[in-house]
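Understanding the architecture of this molecule
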Amino acid sequence: MEEDYELVPIGPIRRLEKKLEQMEQTQGGEGMKTMMEIVKSNQAVVDEMVRMNSDLADRVSKLMESVDALSEKLTDFIQRVELSGEEEAKAKPDERSKMDEKLTKLEKRLNALILTTMPNMKLKR
């Protein structure tokens, strides 16, 4: 079996070895510990951000469900108000005039109540 030999200048290899030794001596224990701490803290920050992001996504989905439910209820309420308005328009004139009188009386009572309680109220500035 033949072995291949190659002539390689040893100067650059020796310089690399010296640089590696210097790096190991100056940054060996301390530098690696510092780097590991930085990596660990970075990973902790990333984990926290992922957790917060998933929590935020959950909250947004719950909020969207609530908004959809509220929208449905509001639509139902508006439909009911429209139906009652149509029924009121179809009501007899006698009933309408009675309802108008009742509303006028109620309005007068509310105005009187507001006027009697206003002097007792303190204005916020």
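Given the structure is predicted, the values throughout are model-derived calculations rather than measurements. (Residues numbered from 1 in each chain as written. Predicted model: local features only at pLDDT ≥ 70, side-chain atom pairs only at ≥ 80, totals over all residues. Heavy atoms only, no water.)

This part covers the overall build of the protein. Across its full length, the protein holds 3 helices and 0 strands. For the protein, the N- to C-terminal ordering of α and β elements is α-α-α. Residues counted as buried form 1% of the 125 residues belonging to the protein. Counting only carbon and sulfur atoms, one obtains 59% of the accessible surface of the protein, whose full area is about 13000 Å². (Helix = DSSP H or I, 4+ residues; strand = E, 2+ residues; numbered from the N terminus. Buried < 20%, exposed > 50% of the residue type's maximum accessible area, 1.4 Å probe, protein only. Areas by Shrake-Rupley, 256 points an atom, 1.4 Å probe, with all protein chains shown as cover.)

Right, let's talk about the confidence of the model for the protein for a bit. Averaged over every residue, the pLDDT of the protein is 80; residues scoring 70 or more account for 83%. When pLDDT is averaged over each element of the protein, helix H2 (residues 29-90) comes out on top at 85 and helix H1 (residues 10-27) at the bottom at 77. (pLDDT = per-residue confidence, 0-100.)

Tallying each qualifying case throughout the model produces 4 salt bridges. Across the pair Arg 51 and Glu 48 runs a salt bridge, and its minimum N-O distance is 2.4 Å. Of the two residues, Arg 51 and Glu 48 are both situated in helix H2; the distance of 3 residues between them amounts to about one turn of the helix. The structure contains a network of salt bridges with shared partners spanning Glu 48, Arg 51 and Asp 55. (Salt bridge = Lys/Arg side-chain N within 4 Å of Asp/Glu carboxyl O.)

Below, the discussion takes up a nonpolar patch on the surface. Nonpolar side chains collect at one region of the surface, where Leu 74, Phe 77, Ile 78 and Val 81 lie side by side and expose about 380 Å² of accessible area between them. Mapped onto the elements, Phe 77 comes out in helix H2. On the basis of relative accessibility, which here comes to 52%, the residue Phe 77 falls in the exposed class. (Patch = residues over 30% accessible without salt bridge, like charges linked within 9 Å, V, L, I, M, F, W, Y side chains within 5 Å.)

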